[in-house]
Amino acid sequence: MRAQSSATGRTAKAVTPPHAPTPARSSGPGTRPRSGTALALLGVFCFSLTFPSTVWGLESFGPWSLVAVRGVLAAAVAAAFLLAQRVPLPERRHWAGLAVVGGGVVIGFPLLTTLALGTSSTAHAAVVVGLLPLTTATLAALRTGHRPSRVFWAAAVAGAAVVAAFTWQQSGGALSAGDLYLFGALLVCAAGYTEGGRLAALMPGWQVVGWALVLCLPVTVAGSVVALSLEPVHWSPHGAVGLAWVAAGSTFLGLYVWYRGMAGIGVARASQLQLAQPLMTLVWSFWLLGEELTRAAPLAATGVLVCIAVTQRARG
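Every chain is numbered on its own, with residues counted from 1 as its sequence reads. Restriction of local features to residues with pLDDT of at least 70 applies here, the model being predicted, together with a cutoff of 80 or more for giving and counting side-chain atom pairs; totals for whole chains, interfaces and linings are based on all residues. Here the side-chain values reflect all heavy atoms present in the structure, with hydrogen atoms and water set aside.

**Concerning the packing of aromatic side chains**
To be explicit about the condition: Aromatic pairs are defined between Phe, Tyr and Trp rings, using the six-membered ring for Trp, whenever the two ring centres lie within 6.5 Å; interplanar angles under 30 degrees are classed as stacked, those over 60 as edge-to-face, and all others as tilted. Labels follow the DSSP assignment, with helices taken as runs of H or I lasting at least four residues and strands as runs of E lasting at least two, numbered in each case from the N terminus. Burial here depends on accessible area, computed with a 1.4 Å probe over protein chains only, as a share of the maximum for the residue type. Under 20% is buried, over 50% is exposed, and the range in between is partly exposed.
All told, the structure shown has 9 aromatic pairs when counted by the stated rule. Note on Phe61 and Trp235: the rings are 5.4 Å apart at their centroids and 80 degrees apart in plane angle, and the pair reads as edge-to-face. Pair noted here: Phe61 is in the loop between helix H3 (50-57) and helix H4 (63-84) and Trp235 is in the loop between helix H11 (217-230) and helix H12 (237-265), with a separation of 174 residues, a long-range link. Trp235 gets classed as exposed once you look at its relative accessible area, which sits at 62%. Ring centres of Trp284 and Trp287 lie 6.0 Å apart, and the angle between their planes is 80 degrees; this geometry places the pair in the edge-to-face category. Note that Trp284 and Trp287 are positioned in helix H14 (residues 277-289) at a spacing of 3 residues, about one turn of the helix. Among the aromatic residues, those joined into a ring-pair cluster are Phe47, Tyr193, Trp258 and Tyr259.

Encoded structure:
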């Protein structure tokens, strides 16, 4: 009996080691859920400054030049990091996903939103893009097969409804021509976020951003040459600061922490943190650009924050 009991104990010990690590739940390489939320929030902060910085950049550059040059500068920063770390080329099976990331968040979204800001105010563009979280969560569910809970979807839809109602109120009940650009930006950006979040669970987030930027370099370099020859440049302090931020802050740093955050807490949950981005952008627009902040903004902010809290507590 003792021998049998001892053998059983040894077998159990061999099957289940006492110090066996517990698999992390969708936490990605080296990222815990709590730190993932913090990183995603830092990404939202970086993104919230994108539209005001773009308006500043347009003081010196044309829309096509600004988008192309920001892509070249961000790719230069990314390439320097990749070379310094001697990062090998990504596996061939990841190239298609990186192309989606590049087409969505490096070229598509910046170009479409920059064109929209030629006819729309920063505040209006910010609240329209507030529909991005729900769009991203929907595409992520279709792409990855992850199914968040009904509570999550109810809160996500409620948050999108608050943003949509605020957008409608801000625009006086009519859609502007720039809204077509913005709606297109929603789709391509959501696709880039979804694919980038998936890849960030397989490789470090900064490498996802870096390789996507490098992959787009031939397009952005050629675009810069053509656009700068057609659009005159008028240097100004605002223009220089705006270009620097959209290149280094929004395109590289913002995407780096954002994809790392998504790897830690999942694409769907991270996307809902962006519900706060339009309202943060409204504050920046008020402080930096002097745009009017309506009385409805605090009410919308409160509703959105409640929805964010619910989505972050809802179980998948």
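**Comments concerning helix H7 (residues 132-144)**
Keep this limit in mind: One less than the number of residues in a helix, times 1.5 Å, gives the span that helix is expected to have.
Along its 13 residues, H7 runs 18 Å from first to last C-alpha, staying within 8% of the 18 Å computed at 1.5 Å per residue. Among the residues making up H7, those that are buried are Leu132, Pro133, Thr135, Thr136, Ala137, Ala140 and Ala141. Within two residues after H7, Gly145 carries a phi angle of roughly 85 degrees, on the positive side.

**Details of the side chain of Glu195**
To keep it simple, the criterion reads: Residue contacts are defined here by distance: any two heavy atoms, one from each residue, within 4.5 Å place the two residues in contact.
Tracing the sequence through the fold places Glu195 in helix H9 (residues 178-200). For Glu195, a relative accessible area of 8% corresponds to the buried category. If we ignore the near neighbours within four places in the chain, the residues touching Glu195 are Gly97, Val100, Val101 and Arg143.

**Description of a nonpolar patch on the surface**
To keep it simple, the criterion reads: By definition, no residue in a patch forms a salt bridge, and every one has over 30% relative accessible area; like charges are joined within 9 Å, nonpolar side chains (Val, Leu, Ile, Met, Phe, Trp, Tyr) within 5 Å. To measure how exposed things are, a 1.4 Å probe is used in the Shrake-Rupley method; for residues, cover is taken only from the protein chains shown. When a carboxyl oxygen of Asp or Glu lies within 4 Å of a side-chain nitrogen of Lys or Arg, that pair is called a salt bridge.
Taken together, Val283, Phe286, Trp287, Leu288 and Leu293 make up a surface patch of nonpolar side chains, about 470 Å² in accessible area. Among the secondary structure elements, Leu293 is positioned in the loop between H14 and helix H15 (296-313).

**Notes on the nonpolar core**
Generally speaking, nonpolar side chains in soluble globular proteins are found buried as a group. Here is the rule: Put simply, a nonpolar core is a bunch of buried Ala, Val, Leu, Ile, Met, Phe, Trp, Tyr and Cys residues held in one set by side-chain atoms that sit within 4.5 Å of each other.
Counting 61 residues, the largest nonpolar core has Val105, Tyr193, Val208, Leu213, Trp258 and Tyr259 as its most contacted members. A per-element tally of this core places H9 first, with 8 residues.

**Re unusual backbone geometry**
Here Arg86, not a glycine, exhibits a phi torsion of approximately 55 degrees, which is positive. Within the element layout of this structure, Arg86 appears in the loop between H4 and helix H5 (95-116). A residue is classified by how much of its surface remains accessible, and Arg86, at 75% relative accessible area, is exposed.

**Details of the packing of H4 against helix H10 (residues 205-215)**
The cut-off we apply is this: Under this scheme, a helix contributes an axis fitted over its contacting stretch, all axes are lines through C-alpha atoms, and angles between N-to-C directions fall in the 0 to 180 degree range. For this classification, under 35 degrees means roughly parallel, over 145 means roughly antiparallel, 65 to 115 means roughly perpendicular, and everything else is oblique. In this scheme the crossing of two helices becomes right-handed for a clockwise turn of the near helix relative to the far one and left-handed for an anticlockwise turn of less than a right angle. Under the scheme applied here, ten amino acids are nonpolar (Ala, Val, Leu, Ile, Met, Phe, Trp, Tyr, Cys and Pro), four are charged (Asp, Glu, Lys and Arg), and all others, including Gly, are polar.
Contact geometry for H4 and H10: axes closest at 8 Å, N-to-C directions at 125 degrees. The orientation of H4 relative to H10 falls into the category oblique. The handedness of the crossing between H4 and H10 comes out as left-handed. On the side of H4, the interface is formed by Gly71, Ala74, Ala75, Ala78, Ala79, Phe81 and Leu82, while H10 contributes Trp206, Gln207, Gly210, Trp211, Leu213 and Val214. In terms of residue class, the contact of H4 with H10 is made up of 10 nonpolar, 3 polar and no charged.

**Here's the deal with H11**
How we decide: The arc in question is traced by the directions running from the helix axis to the C-beta atoms.
When the terminal C-alpha atoms of H11 are compared, their 20 Å separation across 14 residues agrees well with the 20 Å that a helix rising 1.5 Å per residue should span. Regarding H11, the residues found buried are Thr220, Ser224 and Ala227. Down the axis of H11, the sector holding all buried residues measures 85 degrees, keeping them to one side. Exposed and facing more than 90 degrees away from the buried side of H11 are Pro218, Val225, Ser229 and Leu230.

**What about the packing of H9 against H12?**
Where H9 contacts H12, the two axes come as close as 8 Å, and the packing angle between them is 65 degrees. As summarised for this structure, H9 and H12 are arranged roughly perpendicular, according to the angle between their axes. The two elements H9 and H12 cross, and the hand of that crossing is right-handed. Judged by residue contacts, Gly192, Tyr193, Gly196, Gly197 and Ala200 of H9 engage Leu255, Trp258, Tyr259, Met262 and Ala263 from H12.

**Focus on the environment of Trp56**
With respect to the helices, strands and loops of the structure, Trp56 is situated in helix H3. C-alpha of Trp56 to C-alpha of Ala240: the two residues are 184 residues apart in sequence and 8.1 Å apart in space. Leaving out residues up to four positions away in the same chain, Trp56 has contacts with His238, Gly239, Val241, Gly242, Leu288 and Leu289.

**Details of the pattern of salt bridges**
When charged atoms on two side chains of opposite charge get close, those side chains can pair. In this structure the tally under the stated criterion is 2 salt bridges. With a shortest N-O distance of 2.6 Å, Arg93 and Glu91 are connected by a salt bridge. Using a relative accessible area of 58% as the deciding quantity, one classes Arg93 as exposed. Of the charged contacts, one joins Arg198 and Glu195 as a salt bridge, the two residues approaching to 2.7 Å between their closest N and O atoms. Taken together, the residues span about one helical turn, with Arg198 and Glu195 both in helix H9 at a distance of 3 residues.

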